[in-house]
Amino acid sequence: SETDFRPSRIVVIAKHVEAFIREFFDQNPLSQVGLLTIKDGVAQCLTDLGGSPESHIKALMNKLECSGDSSLQNALDLVDGYLNQIPSYGHREVLILYAALSTCDPGDIMETIQKCKKSKIRCSVIGLAAEMFICKHLCQETGGTYSVALDESHFKELILEHAPPPPAIAEFATANLIKMGFPQRAAEGSISICSCHKEAKVGAGYTCPRCKARVCELPTECRICGLTLVSSPHLARSYHHLFPIAPFDEVPPFSLNDPNHKLQRNCFGCQQSLLNPGNKPGLLVVCPKCKGYFCLDCDIYIHESLHNCPGC
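Residues numbered from 1 in each chain as written. Predicted model: local features only at pLDDT ≥ 70, side-chain atom pairs only at ≥ 80, totals over all residues. Heavy atoms only, no water.

Put simply, the rule reads: UniProt positions are given in the numbering used here, feature names are shortened, and annotations may be inferred rather than shown by experiment.
An unreviewed UniProt entry lists the protein under the name General transcription factor IIH subunit 2, from Theobroma cacao. In its Sequence similarities (unreviewed entry) section, the UniProt record describing the protein reads: "Belongs to the GTF2H2 family." In its Subcellular location (unreviewed entry) section, UniProt records this for the protein: "Nucleus".

Here it is, written out as structure tokens:
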């Protein structure tokens with residue numbers, strides 16, 4: 001509750017954790033997040049591992065309170081218990097936002113750090129006070145990153161750096177086939193009982209292809225048969241880190257009289273004219289695979305947000 005970050009540390013953390021959760025799920029739609037709080041010498045689970053950003057944010061905003069000592073060891077023990085259930089093909093990551101200047105532990109924290117290392121849990125810490133040896137040691141042992149925020153904008157920058165997934169370590173990243181379902185959207189007027197909220201809902205929702213249960217949002221796991229339910233864009237977006245789009249090649253401005261470019265006067269993405277006012281050729285780029293021409297705005301949008309070439 002210190003006020004060196006305005007209006008207080010807890011408010012600043014909550015605001016940027018909300019932004020982080022939204023950005024994380026935007027970049028990793030098939031991943032899951034769980035929230036823990038460390039206070040009064042114990043660690044408590046605030047939300048279970050899940051893929052719904054709204055439920056995490058709602059739980060976080062309802063629990064903005066701080067008290068007592070902080071115990072890093074209890075937090076790591078709890079995290080280890082949760083993440084040990086993650087299958088071998090998943091990343092096990094912890095991001096600790098630490099505002100305390102000490103840790104009050106019931107046992108030997110070095111043993112706990114080695115246990116996390118053995119479980120292949122990557123721990124990263126962002127500090128809000130001063131650098132602490134134990135946090136630095138934890139990050140070095142588990143392969144994470146440790147940084148201390150200088151001010152609010154630096155804190156925002158540090159936390160958003162954790163949204164893209166880290167590179168997979170070849171010896172840990174074993175390939176595995178996962179069963180997935182691609183549910184159909186329910187008809188607008190249909191009434192059915194939603195399996196996630198246990199109540200009757202009209203219209204919008206999705207039907208599990210295996211057991212025909214109704215769910216509200218994707219991606220999720222079917223509460224009835226346990227099948228992972230996703231939509232095809234989620235699957236495509238979750239793989240864009242593995243197969244990034246090749247950079248587009250810059251094209252020298254073409255002349256209107258050039259017969260080769262008669263059909264390429266509009267951007268393939270936004271359909272806007274590639275000519276500036278006065279019919280002067282503007283800057284443009286071309287996809288090396290499909291040879292589609294794009295304006296610079298679409299080039300940035302495709303590489304930073306869409307992660308798929310519309311032409312290809």
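**Comments concerning helix H5 (residues 133–142)**
Side chains three or four residues apart in an α-helix point the same way, a direct result of the helix having 3.6 residues per turn. Heads up, the rule is: Exposure categories follow from relative accessible area, calculated using a 1.4 Å probe and restricted to protein chains: below 20% of the type maximum is buried, above 50% is exposed, and the middle band is partly exposed. Helix and strand labels come from DSSP, where a helix needs a run of H or I of at least four residues and a strand needs a run of E of at least two; each type is numbered from the N terminus.
Within H5, the full set of buried residues consists of Ile134, Cys135, His137, Leu138, Cys139 and Thr142. Positive backbone phi, approximately 85°, marks Gly143, located one or two places after H5.

**Description of a nonpolar patch on the surface**
The condition that has to hold: Like-charged residues are merged into a patch within 9 Å and nonpolar side chains (Val, Leu, Ile, Met, Phe, Trp, Tyr) within 5 Å, provided each residue has over 30% relative accessible area and no salt bridge. Working definition of accessibility: Shrake-Rupley area with a 1.4 Å probe, residue cover restricted to the visible protein chains. Whenever a carboxyl oxygen of Asp or Glu lies within 4 Å of a side-chain nitrogen of Lys or Arg, that contact is scored as a salt bridge.
Taken together, the side chains of Tyr239, Leu242 and Phe243 define a hydrophobic patch exposed on the protein surface, amounting to about 360 Å² of accessible area. Following the sequence through the fold, Tyr239 ends up in the loop between helix H7 (232–238) and strand E14 (249–251).

**A look at the sheet that holds strand E12 (residues 220–221)**
The cut-off we apply is this: Two strands qualify as a pair provided that DSSP identifies no fewer than 2 bridges between them.
Read from one edge of the open sheet, three strands run E6-E13-E12, paired in mixed fashion. Across the chains shown, the open sheet's two edge strands, defined by having one partner strand only, are strand E6 (180–181) and E12. Pairing of E12 with strand E13 (residues 228–229), which is carried by two bridges, proceeds in the antiparallel orientation. Paired with Thr220 across the bridge in E13 is Leu229.

**A closer look at the packing of helix H3 (residues 72–83) against helix H4 (residues 109–118)**
Put simply, the test is: Note on geometry: axes are lines fitted to C-alpha atoms, helical ones only across the stretch in contact, with angles between N-to-C directions running from 0 to 180 degrees. To sort the angles, those under 35 degrees are grouped as roughly parallel, those over 145 as roughly antiparallel, those from 65 to 115 as roughly perpendicular, and the leftovers as oblique. Should the near helix be turned anticlockwise from the far one by less than a right angle, the crossing is termed left-handed; should it be turned clockwise, right-handed. Here, two residues are considered to be in contact whenever any of their heavy atoms come within 4.5 Å of each other. Note on residue categories: nonpolar means Ala, Val, Leu, Ile, Met, Phe, Trp, Tyr, Cys or Pro, charged means Asp, Glu, Lys or Arg, and polar means any other residue, Gly included.
Their axes nearest at 10 Å, the elements H3 and H4 cross at an angle of 25°. In terms of orientation, H3 and H4 fall into the roughly parallel class. Between H3 and H4 lies a crossing whose hand is left-handed. Contact residues: H3 offers Leu72, Gln73, Leu76, Asp77 and Asp80, while H4 offers Ile109, Thr112, Ile113, Lys115 and Cys116. Tallied by class, residues from the contact of H3 with H4 come to five nonpolar, two polar and three charged.

**Comments concerning the UniProt feature "domain: VWFA" (unreviewed entry) in the protein**
UniProt records the feature "domain: VWFA" (unreviewed entry) at residues 2–163, using the numbering of this structure. From the first C-alpha to the last, residues 2–163 spans 27 Å; its make-up is 43% helix and 19% strand.

**Considering the domain arrangement of the protein**
The criterion, for reference: What counts as a domain boundary in this text is fixed by an automatic or database domain assignment. Summed over both partners, the accessible area lost on bringing two parts together, with a 1.4 Å probe, is the buried area. For this analysis, a polar contact is any N or O atom pair within 3.5 Å, provided that within protein one partner can donate a hydrogen and the other can accept it, and provided that sequence-adjacent residues contribute only side-chain to side-chain pairs.
The domain boundaries assigned to the protein delineate domain 1 (9–166), domain 2 (180–242) and domain 3 (249–305). One C-alpha centre belongs to domain 1, the other to domain 2; they are set 29 Å apart. Listed as interface residues are nine residues of domain 1 and, on the opposing side, 10 residues of domain 2. Among the residues domain 1 hides against domain 2, the three largest losses belong to Gln27, Pro29 and Leu30. Together they make up 63% of the total. Across the contact surface, domain 1 and domain 2 share zero salt bridges. Taken together, the links from domain 1 to domain 2 amount to one residue pair in polar contact (both at pLDDT 80 or more). Of the residues that constitute the side of domain 1 that touches domain 2, the class distribution is four nonpolar, four polar and one charged.

**Regarding the UniProt feature "zinc finger region: C4-type" (unreviewed entry) in the protein**
Within this structure's numbering, the places UniProt gives as "zinc finger region: C4-type" (unreviewed entry) are residues 208–225. In this annotation, residues 208–225 is assigned 0% helix and 22% strand; the end-to-end C-alpha distance for the span is 9 Å.

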